[in-house]
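Chain by chain, the residues:
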Amino acid sequence: SAASNTVTRQGTGGPSTNLALGKPITGTPNTFTFAVTNANDGDLTTYFEGASYPTQATVQLGANADLSSVVVALNPDPIWSTRTQTIAVLGREQSSSTFTTLVAAQQYTFNPATNSNKVTIPVSARVADVELSITSNTGAPGGQVAEFQVFGTPSPNPDLTITTSSFSPTSPVETDPVTLSATVQNIGTAAAAASNVNFYLGTTKVGTAAVGALAVGASQTVTANVGPQTAGTYQYTAKVNEAKSVIELNYANNNLTDPTSLVVAPVQSSDLIAAPVSWTPNNPAAGNAVNFTVTLKNQGTIATAGGAHGITLTVINSSNATVATLTGTFTGTLAPGATANVAMGSWTAVNGKYTVHTVIAVDANELPIKQGNNTSNVSLFVGQGANMPYDSYEAEAGTIGGGAAVIGPNRTIGDLAGEASGRQAVTLNNTGAFVQWTSREATNTFVVRFSIPDAAGGDGITASLDLYVNGTLVQPLSLSSHFAWLYGAETGPGNSPSAGSPRHIYDEASFVLPSSFPQGSVIKLQKDASNTSQYAIDYMNLEQATPVANPNPTTFLTPTGFDQQSVQNALNTVGSDTTGKFAGVYLPAGQYQTTGKFQVSGHPFQIVGAGPWFSQFSTPITQSNTDAGFSVQASANGSTFTGFAFFGNYTSRIDGPGKVFDLTDVSNLTINNIWVEHMIVAVWGTHVSGLKISDLRIRDTFADGINLNNGSQNNTVTNSEARSTGDDSFALFAAQDHNSSDLTGNNFQNLTSLLTWRAASFAIYGGEGNTFQNLFSADTLTFPGVTLSSLNFGFPFQGFGTAAKTTVSNFSLVRDGGHFFGAQDFPALWVFAATNVFTGLRVTDGTITDPTYAGIMFQTDYVGGTPQSSVQDTIFTNTTITGAQPSTDQFSTKSGFGIWANPLPEAGQGPATGSATFNGLTESNNSVNIQNTTSTFTITVN
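Here's a quick rundown of the structure. (Residues numbered from 1 in each chain as written. Predicted model: local features only at pLDDT ≥ 70, side-chain atom pairs only at ≥ 80, totals over all residues. Heavy atoms only, no water.)

### Structural notes on the overall build of the protein chain
Argument step 1. Check the secondary structure of the protein chain and you find two helices and 72 strands.
Argument step 2. Taken over C-alpha atoms, the radius of gyration comes to 31 Å for the protein chain, in line with the 30 Å a tight globule of 942 residues would show.
Argument step 3. Each principal axis of the C-alpha distribution contributes one length, and for the protein chain these read about 95 × 80 × 55 Å.
Argument step 4. Burial statistics for the protein chain: of 942 residues in total, 56% are counted as buried.
Argument step 5. For the protein chain, contacts bridging at least 24 residues in sequence account for 74% of all contacts bridging at least 6.
Argument step 6. When the accessible surface of the protein chain is totalled, it reaches about 33900 Å², and 51% of it is carbon and sulfur.
Argument step 7. Across the protein chain, 32 positive and 59 negative side-chain charges occur, with their mean positions spaced 3 Å apart. (Helix = DSSP H or I, 4+ residues; strand = E, 2+ residues; numbered from the N terminus. Rg over C-alpha atoms; globule rule 2.2 N^0.38 Å. Buried < 20%, exposed > 50% of the residue type's maximum accessible area, 1.4 Å probe, protein only. Contact = heavy atoms within 4.5 Å. Areas by Shrake-Rupley, 256 points an atom, 1.4 Å probe, with all protein chains shown as cover. Lys, Arg positive; Asp, Glu negative; His and termini not counted. Charge placed at Lys NZ, Arg CZ, Asp CG, Glu CD.)

Encoded structure:
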C-alpha cells in the first residue's frame, strides 16, 4: 500500500503537509538494496535499513519550515513483527552548518496491529534539514524506515521564478550575435538577495547574467549576448539561482524553457569535416598494420574551391606523445553534401589507448565560423579484452599493514586464494589490519571484490568494513555474503552448508562515494574495532562516474515513480504512441524496485538511464530468485536500451527464468552500457539478428553472461567484461530446437572474462562463419578459457559448418583450466569433437600462460565405444604456450602438457580422433610440450 502523498495535519503551527516527500535524502550505509531513497518515496512497501548504528537519514527540505511533527512509518503488513527502535530527531536551521537535537533519543514501539506500524513524534522547530538518528532496533541489525514524513509549514523565504524569456534576432543566421533575455520575479514571502540567471541552448550553458536583490513581488529583466551560434534548432532555457546560493521556498519553478525554439540558419559557406575517420582492421591487435581513411565531407551550403585539400592525421598515446603522423590530400571540388575517401597510410599498432587527431586544411570558400570543426578527435584502443571506464587494483599489489596477510597462490576451489583473481588475496582478520592503494585516476565510486563468512544457516551475514581516503574515514562499507557461498554437488550446488564443500565464495559490493577524490589519493580498507567479521579482499575498482541528463525532455518521457508499474506505464505510453511525439523513456537517477518482466512493444524506441551508477533496477531483497528483466516483442525491433544497472536477488542457479534480456525472434536491438549482477543470465538470444551489444558489466551471475543460439545471425558483442559467471561468459550455441537456421555471421570482439566459476570464458558450440577476436580470459575455476565443442547437449544441433570458417583470434588465456564432472580435467583451450561435425576452425595469435593442467587439449566424444566425430580441417597459427607444469592435486598425471591429445578423458571414453595443424608454434617452460600417445590423432607442427 502506498503512503499518502496529500496528508494534511493540524499541528502546533497550524495546517501542515508532508514536506519530506520526494525531497533529497541522504543516509548512512544501507543493508543490501534497502537504500535511504526508499524512506521518502511515498511507498510503504519499500524501506531503508541501515548497515550499522547509528542509522541516520537526513532529508533536505530546501528551506526553513516550522515543524509540527515527524512520522516514522514501517510497512503495516501483519507479516512485520513488533519491534522497538530508539530514535532521536535532529535539525539544521538554513543559515547554520550544524545540527542540533530537536527531540532527544527515546524508544518507540512499532506494531502493525496497534499503531499501523508507525509513530508520530511531536516537534516544534524551524529548520531546513531534518535528521533521524536510530541507535537500536529489536527487529533488525540496523534502523529501519519505510517512510520518513515531516509535517509543518514553510517559513518566510523568497521564491525566484522566471516569468518570461525571449531571444533576438528572432531569425538569426550563423554570423549574427544572439542576445538572450529573461525576466525574474520574486513570488515568495521574503526579500531575495542577489543571484544570477544561467542561459542554456540545449544542454550547453552559453551565458550568465547577474540579478540584483528583489523585494517581494519585484521583477528584473536581464540579458546576455551569447555571440553567433552554429546552424541548428536549439531549445532555449533560462535558470535562475541554479547554484541555490539564495535559499528559496521552492526551487522547482526556477527554470523556464521558451516555447519557441531558436532556429539558426546556415550561412553561405563550404564546411569540411571528417565524417568519419576509420581504420582497418577496425579492432587492431598489436603488430597489425592499421590503415587509416578519412571520409572528407562538405556539409556546407556551397561547393568547395578547387585544388588540393590537405589532411593531417596524428596518433597520440596516453602520455600525449605523437607516435605516428600521416598525411593525405583530396584534389578537386566537393559539392554540398558530397564526400570523398582519402587514404592516409598505415601505422603498426602497439597495445594501448590512443587519440586519433585529424586536421583538415581550411577551404578557400569556408568562412571562419565554419572552420572550428576542421579538427576532430576519436579514440582508438589496441589490445585484448574490453576497454572499460574503470581501473582495477589487485589487493596483493597494494600496501598492507596492521597484521594483514597476502595469501596464496593456489588453484583450490572453495579456498580464499584459489577463487581470487591472480589466485592471491589479502586477509584482514584482526583489528588494525589494512590494505591500501594509491589511485591512478580521480574517482567518485568504489567497487570491492571480497569474501566474508557465511551464516550458519547459509543465508549470509552482513558486516561493515571501514573505507579511508588520505587517512580520513569516508564511510563504513556494508558487505554481505548473502549472494556468495554455495555448497555440495559441483553440478548443482545449493545454499545449505550441510550439503558439502563450498564454492563461489566471493561477491562484489559497489558504492557511490560522498565526493570525488583526485588522482594520487590513498584508498585504504581497514578492519577497525567496529568491523566484526573476517575479510578477504581480492581487488578494488575506481571510476569517475557522471550522470547522463535526459537527452530531450520534450521527447523522452519520465516515469512518474520508481516502482514497476510506473516504469511499465511509461513504456506503454511511448510504445503505443502513433504520433511520433515520444522518442523514448528516460530513467532519472534513482533506485527502481522491480518485481517482474518489463514488456517492451509497439514500435522501436529508446530506454535511456542516467548511467549504471545512477539508474539502478533491483529486485526485492526480502525475496529470492525473482524473474525480472525485459521481454521485447518483435514490434519493438530496433529499440535501444542504455545506461542503467539491473541487480537481481538470485542466490543459486535455476534454469529457465532469471534472464535480464530474454530475447526471442527479435532483431536490431542495441543494448549498451548495462550493469548486470546477481541474475541467472544477462542476455539470452534465441534466433536473434542484428543485435549490437556493447559496454556491458556482467558480474556474479549463476549461469551465462551472453548466450546467442537457435540460428542467431549477424549479431555483434563488443567491449564488455564478465566477472564470476556461473556458466559460459560469452557463448554461441547452435541448438535448433526453436529455429533451424544456421548460426552464422556473429562477431564477438574485445571481451574480457575473469573468474568464471563454472564453464568457459568463451565458448563456441557449432555454427559457421562466426568470429571471436581480441579476447582476454583469466582464472577460470573449473573449465577452459576457450571451449570449441560440437556437443549438442541433447538438442537438435547444427555442428560446425563447412561453408564458412569459425575463427578465434588474438587472445590471451591466463591461469585457465580446472576440473569438473568428477574425473574430467580441462585445459586452457579445449577442442572437443563430440556429437556433431567438427571442422573448419581457424585459431590464430593465441597466447596461453600458466594453465592449471594443460595448454590445449584435443578430445573426442564416445558413445558405446564409438567416436561420434573427429577433428577435421582445424589450423592453429602463431600459438604460444608457456608454463604448463604438473599440478599438485589428483590430476597431476594428466597435467603439465603444452598440447595434449587426450587418450582417455574419463571411463567409457576413448582417445582423441582426427588431426590438427600448428603453424608458428612457440612453447617454453612446459613439462611436456606435446603429449600424443594415441594412434588416432595427428598433430602436425610446421
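### Some details on the sheet that holds strand 21 (residues 289-298)
Argument step 1. Overall, antiparallel pairing links the three strands, which are arranged 20-21-24 in an open sheet. Edge positions in the open sheet fall to strand 20 (272-280) and strand 24 (339-348), since each of these has one partner strand only. Strand after strand, the sheet turns through a mean of 20° between neighbouring axes, direction not considered.
Argument step 2. In this structure, strand 20 lies alongside strand 21, joined through seven bridges in antiparallel fashion. What sits directly across from Ile273, in strand 21, is Lys297. (Pairing = 2+ DSSP bridges. Axes fitted to C-alpha atoms, helices over the stretch in contact; angles between N-to-C directions.)

### Some details on the pattern of salt bridges
Argument step 1. Counted under the stated rule, the structure contains 20 salt bridges.
Argument step 2. Note that Arg653 and Asp727 form a salt bridge whose closest N and O atoms lie 2.8 Å from each other. Here Arg653, found in the loop between strand 47 (640-647) and strand 48 (659-664), pairs with Asp727, found in the loop between strand 54 (716-723) and strand 55 (730-733); they are 74 residues apart in sequence, far enough to count as distant.
Argument step 3. A relative accessible area of 12% places Asp727 in the buried class.
Argument step 4. Its salt-bridge partner being Asp873, residue Arg842 comes within 2.8 Å of it at the nearest N-O pair. With Arg842 in strand 64 (residues 838-849) and Asp873 in strand 68 (residues 871-882), the pair connects residues that are 31 residues apart, well separated along the chain. (Salt bridge = Lys/Arg side-chain N within 4 Å of Asp/Glu carboxyl O.)

### A closer look at the nonpolar core
Argument step 1. Counting 91 residues, the largest nonpolar core has Phe661, Leu663, Leu829 and Phe858 as its most contacted members.
Argument step 2. The contact partners of Phe661, leaving out residues within four places of it in the chain, are Phe630, Phe641, Phe644, Ile671, Ile674, Ala682, Val683 and Trp684. (Core = buried A, V, L, I, M, F, W, Y, C linked by side-chain atoms within 4.5 Å.)

### Brief notes about helix 2 (residues 564-575)
Argument step 1. For helix 2, which comprises twelve residues, the first-to-last C-alpha distance of 16 Å matches the rise-based estimate of 16 Å (1.5 Å per residue) to within 8%.
Argument step 2. The set of residues buried in helix 2 consists of Gln564, Ser566, Val567, Gln568, Ala570, Leu571, Val574 and Gly575.
Argument step 3. Summarising the contacts, the buried residues of helix 2 are in contact with strand 40 (556-557), strand 41 (584-587), strand 42 (590-593), strand 43 (597-600), strand 44 (606-609) and strand 45 (615-618).
Argument step 4. Sitting at the head of helix 2, Asp563 places a side-chain oxygen 3.3 Å from the backbone nitrogen of Gln565. (Expected span 1.5 Å × (residues − 1). Polar contact = N/O pair within 3.5 Å; in protein donor to acceptor, adjacent residues only side chain to side chain.)

### Some words on the packing of aromatic side chains
Argument step 1. The full count for this structure, using the stated rule, is 43 aromatic pairs.
Argument step 2. Ring geometry for Tyr592 against Phe617: centres 5.2 Å apart, planes inclined by 40°, an arrangement best described as tilted. A residue pair is termed long-range when its members are at least 10 positions apart, and Tyr592 in strand 42 and Phe617 in strand 45 qualify at 25 residues. Residues Tyr592 and Phe617 agree in their burial class; the two are buried.
Argument step 3. Both rings, one in Phe702 and one in Trp757, keep their centres 6.2 Å apart while their planes meet at 85°; by these two values the pair is edge-to-face. Highlighted residues: Phe702 in the loop between strand 52 (697-699) and strand 53 (706-709) and Trp757 in the loop between strand 56 (747-754) and strand 57 (762-765), separated in sequence by 55 residues. Exposure class is identical for Phe702 and Trp757. Each is buried.
Argument step 4. A connected cluster of aromatic rings, assembled from ring pairs, spans Phe562, Tyr592, Phe598, Phe617, Phe630, Phe641, Phe644, Phe646 and Phe661.
Argument step 5. Sitting above the plane of the Tyr251 ring, Lys244 keeps its charged end 4.8 Å from the centroid.
Argument step 6. Over the face of the ring belonging to Trp684 we find Lys659, whose NZ or CZ atom lies 5.2 Å from the ring centre. (Phe/Tyr/Trp six-rings, centres within 6.5 Å; stacked < 30°, edge-to-face > 60°. Lys NZ or Arg CZ within 6 Å of the ring centre and 35° of its normal.)

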